[in-house]
Amino acid sequence: MRFMITRQQLLNYCGGTYANVARKLGYKGPRADNNIRQLPDILTDRQAGVIIMRMKAKRIAVPKEWL
């Protein structure tokens, strides 16, 4: 699979801040926002797959252009 997701797209779609995105995707802990903050500008296929899997698990609609 080849996903084309950027960190900025993820931020715009899921809440605008690293903390909001981390909370919506189910990351936990005092520095959970670092999981999102440390993603590269363009996510790898594996990272994009994990993000999409977390979105589906939390019943967040995944944009068609991400699939």
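Residues numbered from 1 in each chain as written. Predicted model: local features only at pLDDT ≥ 70, side-chain atom pairs only at ≥ 80, totals over all residues. Heavy atoms only, no water.

Q: Quick question: what am I supposed to make of the overall build of the protein chain here?
A: Within the protein chain, the secondary structure is distributed over four helices and zero strands. The linear arrangement of helices and strands in the protein chain, starting from the amino end, is α-α-α-α. Here the C-alpha radius of gyration of the protein chain, 11 Å, is about what a compact globule of 67 residues would show, namely 11 Å. Along the first, second and third principal axes, the C-alpha atoms of the protein chain reach 35 × 25 × 20 Å. (Helix = DSSP H or I, 4+ residues; strand = E, 2+ residues; numbered from the N terminus. Rg over C-alpha atoms; globule rule 2.2 N^0.38 Å.)

Q: Please clarify how helix 2 (residues 18-25) should be interpreted in this entry.
A: Because the α-helix completes a turn every 3.6 residues, residues three or four places apart line up on one side. Inspection of helix 2 places V21, A22 and L25 among the buried residues, and these make up the whole buried set. For helix 2, the arc enclosing every buried residue in end-on projection is 100 degrees, short of the 170-degree limit, so these residues lie on one face. Residues of helix 2 that are buried in the fold lie against helix 1 (7-14), helix 3 (34-37) and helix 4 (45-57). Once helix 2 finishes, G26 follows within two positions and takes phi at roughly 90 degrees, a positive value. (Buried < 20%, exposed > 50% of the residue type's maximum accessible area, 1.4 Å probe, protein only. Arc of directions from axis to C-beta. Contact = heavy atoms within 4.5 Å.)

Q: Looking at this model, I keep getting lost on the environment of A61. Mind explaining?
A: Checked against the element boundaries, A61 lands in the segment after helix 4. Sequence-wise, A61 and Y13 are 48 residues apart; in three dimensions their C-alpha atoms are separated by 9.9 Å. Not counting the four nearest positions on each side in its chain, A61 is found in contact with Y13 and M55.

Q: Would you explain the environment of I5 in this entry?
A: Mapped onto the fold, I5 is located in the segment before helix 1. Put simply, I5 and W66 are 61 residues apart on the chain and 6.3 Å apart in space, counted from C-alpha to C-alpha. Once residues within four sequence positions are removed from consideration, I5 is found in contact with D41, I42, L43, A48, I52 and W66.

Q: What's the story with the pattern of salt bridges in this structure? I'm lost.
A: One side chain can pair with another of opposite charge once the charged atoms of both are near each other. On inspection of all chains with the given rule, the structure shows two salt bridges. A salt bridge links D33 to R37; the shortest N-O distance between them is 2.7 Å. What makes D33 buried here is its relative accessible area of 14%. The class for R37 is partly exposed, based on a relative accessible area of 37%. (Salt bridge = Lys/Arg side-chain N within 4 Å of Asp/Glu carboxyl O.)

In short, the description is geometric, and any link to function would need to be established separately.
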